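For reference, the chains in residue letters:
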Amino acid sequence: MFSSRIKWDLTVNRLAGLLAAKRAAGQPILDLTEANPTRTGLLSTGAELLNQLAIPDSLTYQPMPRGLEKAREAVVSYYRERGLRTDPAQLHLTASSSEGYSWLFKLLANQGEAILVPQPSYPLFDFLATLEGVRLIPYQLRYYHHLGWRIDFESIADAITSDVRAIIIVSPNNPTGSFIKRDELEKLHLICQQHKLAVIVDEVFSDYGLGEDPQRVVSMAGNDQSLTFVLSGLSKILALPQMKLGWIATSGPPALVDEAVERLDLIADTFLSVGAPVQHALPGWMGHRSSLQAGILERLRTNLDRLANHPQLEPNRLLHLEGGWYATLEVPRYLSEEELVIRLLEEQGVLLHPGYFFDFERESYLVVSLLPAPDIFAEALDRLLPAIAATGTIKQA
Ligand SMILES: Cc1ncc(COP(=O)(O)O)c(C=O)c1O
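Residues numbered from 1 in each chain as written. Predicted model: local features only at pLDDT ≥ 70, side-chain atom pairs only at ≥ 80, totals over all residues. Heavy atoms only, no water.

Peer 1: Can you walk me through the overall build of the protein chain in this structure?
Peer 2: Broken down by element type, the protein chain carries 14 helices and 13 strands. Here the C-alpha radius of gyration of the protein chain, 22 Å, is about what a compact globule of 397 residues would show, namely 21 Å. On the principal axes, the C-alpha backbone points of the protein chain span a range of 65 × 55 × 50 Å. For the protein chain, the residues scored as buried account for 54% of the 397 residues in total. (Helix = DSSP H or I, 4+ residues; strand = E, 2+ residues; numbered from the N terminus. Rg over C-alpha atoms; globule rule 2.2 N^0.38 Å. Buried < 20%, exposed > 50% of the residue type's maximum accessible area, 1.4 Å probe, protein only.)

Encoded structure:
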């Protein structure tokens, strides 16, 4: 009756089971996995945003595979404000960046062909690729205390085979928060040219850089050296994931771009998935970008500061963070990640992501969202950090 495209593993793991039981029993949970911006008290302009959805032009259906011109122009202005040039004729609006990935997988890879993905990274890749019949091959991001996260180009060289079609860069990456750097970009272009690979760059968090670093590549939009597809959208830029609007910005050598854009037109025309009201609302919504992002950046900085300066945070436990909405803690390996996360939930009422959720190459890491309300975040840290430090004594007892 059903396909076997993916392993439809619908069993509930121990952590999810415990969480469901606690919630059903009405027990309070300090949720440090909360990264849904609509649940963190950050949206202060709600009524104004909703008004934009009532634009009368939305009553007319104008099926356009790339999306309405006024919406694409709003995306071009967004990049222009950041000092970047994009061409509206090379933009395709999508319902989300996740949908953007699925269209790009259809565009670039036949069934069974492969795409390189960073490890650790965003947990949805496996599903997105498997549903498209595409294989993922991981390459490594490696952490050095003095440098932060760097792309391991040897692991890329080892991963490339004749059926690899593209390489995914997430910048800044989720959850490591690392941006691609200028020297890494140069190496990446050489590899792409040598092996005829396209680059898919997920920049959903690129407006949320913390601190300054001239070596950071702030965006690859408009890059013309390799065939490049930049993915982004409102779920992070305006903290409006429920509005379902993202995009693919294509650039690169002109002949390749022309062909890619025409083929993407065909894929987009098959679905025409972006609703008219959000497209008409986009120019008005973008006007709220700087104030919305200022609120989010303040939240991120407040929580990060609290974590970094917590008296019970041991040295080098908090990994260097350049941007994005998450922080990573490297913790002692007295317990497995799963055991530790379960204990923290059971005994402290604090919920965190275990590193395996993001495919860290080895244990033990914990990932926290920096978006929760500061009082919840602070209380969770006060419970969490002493409990982590005590895991050594649990084992020895
Ligand atoms: C790196 C990254 N890319 C894409 C997405 C999904 O974004 P969208 O809501 O646009 O599909 C997420 C969601 O958390 C993400 O972390």
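Peer 1: Would you mind going over the sheet that holds strand β2 (residues 91–94) with me for this structure?
Peer 2: The strand order β2-β9-β8-β7-β6-β3-β4-β5 describes an open sheet built from eight strands, whose pairing is mixed. The open sheet is flanked by β2 and β5 (148–151), the only strands paired with a single partner. Pairwise comparison of adjacent strand axes, ignoring direction, gives a mean angle of 25° for this sheet. Where β2 and strand β9 (residues 246–251) come together, four bridges link them in antiparallel fashion. Bridging from a neighbouring strand, leucine 93 pairs with tryptophan 247 of β9. (Pairing = 2+ DSSP bridges. Axes fitted to C-alpha atoms, helices over the stretch in contact; angles between N-to-C directions.)

Peer 1: Explanation requested: the nonpolar core in the structure shown.
Peer 2: Side chains of a nonpolar character, in soluble globular proteins, are inclined to be buried together. Membership of the largest hydrophobic core comes to 103 residues, with the highest contact counts inside it found for Leu116, Ile156, Leu188, Leu234, Trp247, Trp285 and Leu307. Top element by residues in this core is helix α13 (residues 374–389). It accounts for seven residues. Counting residues domain by domain, this core receives three or more from each of domain 1 (14–43 + 290–391) and domain 2 (57–286). Sequence-distant contacts of leucine 307, that is, excluding residues within four places in its chain, are made with Leu313, Leu318, Ala327, Leu329, Val368, Phe377, Leu381 and Leu385. (Core = buried A, V, L, I, M, F, W, Y, C linked by side-chain atoms within 4.5 Å. Domains from an automatic or database assignment. Contact = heavy atoms within 4.5 Å.)

Peer 1: Explanation requested: the layout of surface pockets in the structure shown.
Peer 2: By rolling a water-sized probe across the atoms, one finds the places where empty space is left. Considered as a void within the structure, the second largest pocket measures approximately 370 Å³ in volume. Around the second largest pocket sit 16 residues that line it, and Leu108, Ala198, Leu227, Leu256 and Ala260 are the ones nearest its centre. Secondary structure elements with two or more residues in the lining of the second largest pocket: α4 (97–108), α7 (182–195) and α9 (254–271). Per element, the largest residue contribution to the lining of the second largest pocket is four residues, and it comes from α9. Tallied by class, residues from the lining of the second largest pocket come to nine nonpolar, three polar and four charged. (1 Å grid on protein atoms, 1.4 Å probe; cavity = no way out; pocket = protein on both sides within 12 Å on 5 of 7 lines; lining within 4 Å. Points joined across faces, edges and corners; volume = space filled by probe spheres on them. Nonpolar A, V, L, I, M, F, W, Y, C, P; charged D, E, K, R; others polar.)

Peer 1: Would you take a moment to explain empty space enclosed by the protein for this structure?
Peer 2: Under the criterion given, the structure shown has two cavities of 30 Å³ or more. In this structure, the largest cavity spans a volume of roughly 100 Å³. Every element with two or more residues in the lining of the largest cavity is listed here: β4 (135–144), β5 and β6 (164–170). Classifying every residue of the lining of the largest cavity by side-chain character gives nine nonpolar, two polar and two charged. Its volume calculated, the second largest cavity comes out at about 80 Å³. In terms of lining, the second largest cavity is formed by Gln312, Leu313, Glu314, Arg317, Leu329, Glu330, Val331, Pro332, Leu385, Ile388 and Ala389. Of all the secondary-structure elements, those providing two or more residues to the lining of the second largest cavity are β10 (326–330) and α13.

Peer 1: Got a minute to help me understand the side chain of serine 226 in this structure?
Peer 2: Mapped onto the secondary structure, serine 226 falls in the loop between β7 (198–202) and β8 (228–233). Of the polar contacts made by the side chain of serine 226, one reaches the side chain of histidine 189; its length is 2.7 Å. For serine 226, the residues in contact, after removing those within four places along its chain, are His189, Cys192, Gln193, Val199, Ser251, Gly252 and Pro253. (Polar contact = N/O pair within 3.5 Å; in protein donor to acceptor, adjacent residues only side chain to side chain.)

Peer 1: Looking at this model, I keep getting lost on a nonpolar patch on the surface. Mind explaining?
Peer 2: Nonpolar side chains collect at one region of the surface, where Met1, Phe2, Trp8, Leu10, Leu124, Phe127 and Leu131 lie side by side and expose about 930 Å² of accessible area between them. Relative to the assigned elements, leucine 124 resides in the loop between β3 (114–119) and α5 (125–131). (Patch = residues over 30% accessible without salt bridge, like charges linked within 9 Å, V, L, I, M, F, W, Y side chains within 5 Å. Areas by Shrake-Rupley, 256 points an atom, 1.4 Å probe, with all protein chains shown as cover. Salt bridge = Lys/Arg side-chain N within 4 Å of Asp/Glu carboxyl O.)

Peer 1: Where do I start with the site of the ligand in this structure?
Peer 2: Contacts to the ligand come from Ser96, Ser97, Ser98, Tyr122, Val170, Asn174, Asp202, Val204, Phe205, Ser235 and Lys236. The contact in question runs from an oxygen atom of the ligand to an N or O atom on the side chain of serine 98, over 2.6 Å. Here asparagine 174 contributes a side-chain N or O atom positioned 2.7 Å from an oxygen atom of the ligand. Calculation on the ligand without its partners gives an accessible area of 400 Å², and the protein chains cover 88% of this total. Mapped onto the shell around the ligand, the elements with two or more residues apiece are α4 and α8 (234–237). (Near = heavy atom within 4 Å.)

Peer 1: Honestly, the sheet that holds strand β13 (residues 365–369) in this entry has me stumped. Any pointers?
Peer 2: Backbone hydrogen bonds hold the strands of a sheet together, and the pairing may be parallel or antiparallel. Spatially, the three strands line up as an open sheet ordered β10-β13-β12, and their pairing is antiparallel. Looking along the sheet, the strands with just one partner apiece sit at the ends: β10 and β12 (353–354). When β10 meets β13, the two strands line up antiparallel, connected through five bridges. Across the sheet, leucine 329 pairs through a bridge with leucine 366, a residue of β13. Where helix α12 (residues 337–348) meets the sheet, its contacts fall on β12 and β13, and the angle it forms with β13 comes to roughly 45°.

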